[in-house]
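# A structural walkthrough
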Amino acid sequence: MKKNSDKKNFPVEENLFKIGSQKMSQESRDRALETLSNYFRKQQKNFLGYQVNNSFDYKIAKEFFDIHINNVGDPFVHGNMTINTKVVEKAVLEFYAKLWRNTLRHEESVEEDDYWGYILSMGSTEANMFGLLSGRDYLEGKHLLIDDEGKRGVKFGVVSENKNSLHPIAFFSQDTHYSIVKAMEVLKIDTFFDEAMKQGYKSPLEMEDYPVGFSSKYLENGWCKEVPSDENGAIYIPALKKLVEFFASKGHPILISFNYGSTFKGAYDNIGEAFSELKPILEKYGLFSRKLKVDDEVYDRDGFWFHVDGALGASYMPFIEKALKSGKITNPENYKFPEFDFIGHGVHSLSMSGHKYMGSPFPTGIYMTRHKYQLKPVDNPMYIGSPDTTFAGSRNGLSALIFWEYLSERSEEEHISEAVRCELLARRTFKELKERDKRGVAMLNRNPFSLSIRMKLPEESIVEKYSLAKEVFFVKNRATKFAHIYIMRHVTDEVISEFIEDLEKSNYF
Ligand SMILES: Cc1ncc(COP(=O)(O)O)c(C=O)c1O
């Protein structure tokens, strides 16, 4: 068996928690929980390593912790499981629909462009999975909720005589979270690399088509496995265009998963720009809009699906945009603000994690799309009395209350000020680290408006103290270990000063 050299032992004594055939004494249980709590409190104080806010105090969650609240089924249909927070969930969804410039729902009769979404039980992984599942089925020609007739989930229709017309091909960048890679595997979606290997195609990209600094180590059989990213970690649009054109010319519908706040570098794909650049290609190959035929009926469908993984960025970048517009913050020179939302950028689905920027005691998040992109569920269970339009069955009803408490106690101005505070602290921290890194050994990097600061991996005691994440990247073709810190809402000047002091003491610079 392969040994994992990075595997750490849990720093709390495991024997304290062993459950035997006899019940544990109250004293033993108290000791076990107190040990765990003490460890968590210590780690929470210095938590810099991951993109989650680790300080909050939701009163509402405590009040409802002794009731089973379950939002099973569609958020817009109350259903038979009466103890649910769907009324709260709808208010939260409407807030984000406005923030992401989606069309508000017409309550009397829902229109095709109106938003639809739900609050997740998992984090963005669930929304990424559901967005890509919906994209796959939509492009494969399965029935939509808005189609009157037709069997549930059954594939139908011929778009053209081209054998690939119902065979979507997926694209995403090198900086994409592993949940997207996992989704490809679970959902059996072919990426452009998979299809190229199956068909033995030659890559349309020559070496000069790759971005500056791209390492040939990422190539396999002459192909990049994922779309190359630029030096900031955003999808490299010139390469994306060539790859999309190659597969569009063979008749494949196009499924793209974009990042809005990539995991390690906090990079933003400019989805607005990608849309403008790809639109003529999609039009050229009849994929911008196309017709599906079933018997005598003809249905209009897009021949592409854009999913946005906005796990972190979708929650606070809209406030940064507002701050920029009102002059509360400045744009770095020559930086084009990355566009991403539902207005005019061809976006079909979007995910966001609630436990990241906002903060929550458990993973949560939001999936959002439009009514016209919802697939017909494979079954219509009478059991729950609400359509089975979401990914999972039971849905945690406490998450809606967490979102609601957070959103209802802040004005828009306060949201803007908090986003600006994080941005300014990230700028200052980066500057202070840079000033100390006279020899450039720390390989420090930060993208505009990213809350992540990347750096060479510090020594293990610092990794443990600040819960730092590790990653390996090729630098000049050499595998190099990096870490990052994330300036989330709970991070204070004091923790940053202590972190910098610890780095100095360890001779890091
Ligand atoms: C960009 C991105 N997408 C998706 C995810 C997965 O989110 P979760 O762990 O909340 O499911 C993460 C988590 O870090 C992420 O950074």
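Cut-offs and rules
The residue numbers shown here count from 1 along each chain, following its written sequence. For a predicted model such as this one, the threshold for reporting local features is a pLDDT of at least 70, and the threshold for listing and counting side-chain atom pairs is 80 or more; totals across whole chains, interfaces and linings nevertheless cover every residue. Only hydrogens and water are removed before side-chain values are computed, so all heavy atoms of the structure are retained for them. Note that the domain bounds were set by an automatic or database domain assignment. Between two residues, a contact is recorded if the distance between any of their heavy atoms is within 4.5 Å. Put simply, buried area is how much 1.4 Å-probe accessible surface two parts lose in total, over both of them, once they are put together. Throughout this description, the term salt bridge denotes a Lys or Arg side-chain nitrogen within 4 Å of a carboxyl oxygen of Asp or Glu. Burial here depends on accessible area, computed with a 1.4 Å probe over protein chains only, as a share of the maximum for the residue type. Under 20% is buried, over 50% is exposed, and the range in between is partly exposed. Secondary structure is summarised from DSSP: a helix means a run of H or I of at least four residues, a strand means a run of E of at least two, and numbering begins at the N terminus for each. Here, any two strands with at least 2 DSSP bridges between them count as paired. The cutoff for a nearby residue is simple: one of its non-hydrogen atoms must lie within 4 Å of the molecule or strand. Reported accessibility uses the Shrake-Rupley method at a 1.4 Å probe radius. Residues are deemed covered only where the shown protein chains occlude them. Note on residue classes: Ala, Val, Leu, Ile, Met, Phe, Trp, Tyr, Cys and Pro are nonpolar, Asp, Glu, Lys and Arg are charged, and everything else, Gly too, is polar. Note on aromatic contacts: the rings of Phe and Tyr and the six-membered ring of Trp form a pair at centre separations within 6.5 Å, being stacked when their planes are under 30 degrees apart, edge-to-face when over 60 apart, and tilted otherwise. In this scheme, Lys NZ or Arg CZ marks a charge over a ring once it lies within 6 Å of the ring centre and within 35 degrees of the ring normal.

## Remarks on the domain arrangement of the protein
Accessible area lost on assembly of the parts is the figure often given for the size of an interface. Partitioning the protein into structural domains gives domain 1 (86-408) and domain 2 (413-509). Each of domain 1 and domain 2 has a C-alpha centre, and the two are 30 Å apart. Tallying the contact residues gives 34 residues for domain 1 and 29 residues for domain 2. Surface buried jointly by domain 1 and domain 2 totals about 2,700 Å² across both partners, of which 64% is contributed by carbon and sulfur atoms. The three residues of domain 1 that bury the most area against domain 2 are F264, K265 and Y357, which together make up 28% of that side's buried surface. There are 1 salt bridge connecting domain 1 and domain 2.

## Concerning the pairing of strand β12 (residues 452-456)
For β12, a buried count of 4 out of 5 residues is recorded, marking the element as mostly surrounded by other parts of the structure. Alignment of β12 against strand β14 (residues 478-486), held across 5 bridges, turns out to be antiparallel. From the neighbouring strand, S452 faces β14, where its bridge partner is Y486.

## Details of the site of the ligand
The environment of the ligand is formed by 14 residues, the closest being T125, T263, D309, H355 and K356. When the ligand sits alone it has 390 Å² of accessible area, and the protein chains cover 87% of it. Top element by residues in the shell around the ligand is helix α4 (residues 124-139). It accounts for 3 residues. Of the residues belonging to the shell around the ligand, the class tally is 1 nonpolar, 11 polar and 2 charged.

## Some remarks on the packing of aromatic side chains
A full pass over the atoms with the stated rule returns 42 aromatic pairs. Ring geometry for Y96 against F403: centres 5.8 Å apart, planes inclined by 80°, an arrangement best described as edge-to-face. You can see Y96 sitting in helix α3 (residues 86-99) and its partner F403 sitting in helix α10 (residues 398-408), a full 307 residues away along the chain. This pair shows no difference in class: Y96 is buried, exactly as F403 is. Ring centres of Y210 and F214 lie 4.4 Å apart, and the angle between their planes is 20°; on these two criteria the pair is classed as stacked. Classification of Y210 by relative accessible area gives buried; the value is 7%. Among the aromatic residues, ring-to-ring pairing joins F171, F192, Y201, W223, F246 and F247 into one connected group. The aromatic ring of Y508 is capped on one face by K456, whose charged end is 5.2 Å from the ring centroid.

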